[in-house]
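A structural walkthrough
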Amino acid sequence: MGGGHGISYATARRRYESGTLPVPANRLGRLIMVGEPVIGAAAGSGHTVVYARVSSADQEPDLDRQVARVAVWATGQKLAVDRVVTEVGSALDGHRLKFLALLRDQAVSTIVVEHRDRFARFGAEYVEAALVVQGRRLLVVDPAEVDDDLVGDVTEILMSLCARLYGRRAAVDCARRAVEAATKDGSA
């Protein structure tokens, strides 16, 4: 809803609730699905895939819990899950091979994730818009922002920037000091 279609999400939600949204729409849990132009595959055809991701190997046990929560939600929405894709990798780089393969797979019509940041930390709107143009969709179980990995992502960004300036070894120390300084100042 909203986003790149010229109206804000809040306006689109108000119009949906008042019945004045000029396109077909229906509610799936907390998500409002708006009728979209379908180019290519017919709506409802294709595979539904649950995508779960964690940032690091020490968070791997959370993958099963993520998959379970998303699968239960999808079942409640009467979506038949055809496949589950799990991955360990940062949301900030393009090195997630399973994620990229999922985006390339035209047989996948629906991708279901627990939180938008599991899909992509930044720029998810662009990927989502590209999916819509292809007649595909992204469903987010809980659209609320999750900050669990935010410190890790900021650290990774700082390390990348510091590595460009000071070299790889100094980057880790520089990023660690920057995060410590930011959290110390923020708690004062």
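Residues numbered from 1 in each chain as written. Predicted model: local features only at pLDDT ≥ 70, side-chain atom pairs only at ≥ 80, totals over all residues. Heavy atoms only, no water.

As for the pattern of salt bridges
- In total, this model carries four salt bridges according to the counting rule given.
- The partner of Arg69 in a salt bridge is Glu114, with the nearest N and O atoms 2.5 Å apart. Highlighted residues: Arg69 in helix H2 (residues 61–76) and Glu114 in the loop between strand E5 (108–113) and helix H4 (116–119), separated in sequence by 45 residues.
- Residue Arg69 is classed as partly exposed on the basis of its relative accessible area of 38%. (Salt bridge = Lys/Arg side-chain N within 4 Å of Asp/Glu carboxyl O. Helix = DSSP H or I, 4+ residues; strand = E, 2+ residues; numbered from the N terminus. Buried < 20%, exposed > 50% of the residue type's maximum accessible area, 1.4 Å probe, protein only.)

Comments concerning the pairing of strand E4 (residues 83–88)
- Of the strand pairs in this sheet, strand E3 (residues 47–54) and E4 are connected by six bridges, and their pairing is parallel. Note that in E4 the partner of Arg53 across the bridge is Glu87.
- Between the parallel elements E3 and E4, the chain passes through H2 in a crossover that is right-handed. (Pairing = 2+ DSSP bridges. Right-handed = clockwise from strand over helix to strand, strands pointing away.)

Considering the nonpolar core
- Judged by nonpolar contacts, the single largest core of 15 residues is most densely connected at Tyr51, Leu102, Ile111, Val113, Phe119 and Leu138.
- Taken together, the elements giving at least two residues each to this core come down to E3, helix H3 (97–104), E5, helix H5 (124–133) and strand E6 (137–140).
- Apart from the residues lying within four places of it in its own chain, the contact partners of Val113 are Tyr51, Val70, Phe119, Leu138, Leu139, Val140 and Val141. (Core = buried A, V, L, I, M, F, W, Y, C linked by side-chain atoms within 4.5 Å. Contact = heavy atoms within 4.5 Å.)

Here's the deal with the confidence of the model for the protein
- Summing up the model confidence of the protein, the mean pLDDT is 76 and the portion of residues at 70 or higher is 71%.
- Counting contacts from residues 36–43, a segment whose pLDDT is below 50, to residues more than four positions away or on other chains yields eight contacts. (pLDDT = per-residue confidence, 0-100.)

Brief notes about the packing of aromatic side chains
- Here the structure, examined in full by the defined rule, presents one aromatic pair.
- With a centroid separation of 5.6 Å and 50° between ring planes, the pair formed by Tyr51 and Phe99 is classed as tilted. With a gap of 48 residues between them, Tyr51 in strand E3 and Phe99 in helix H3 connect regions that are remote in the sequence.
- Judged by relative accessible area, which is 0%, Tyr51 ranks as buried. (Phe/Tyr/Trp six-rings, centres within 6.5 Å; stacked < 30°, edge-to-face > 60°.)

Examining unusual backbone geometry
- Here the phi dihedral of Lys78 falls at roughly 65°; this positive angle occurs in a residue that is not glycine.
- Tracing the backbone shows Lys78 in the loop between H2 and E4.

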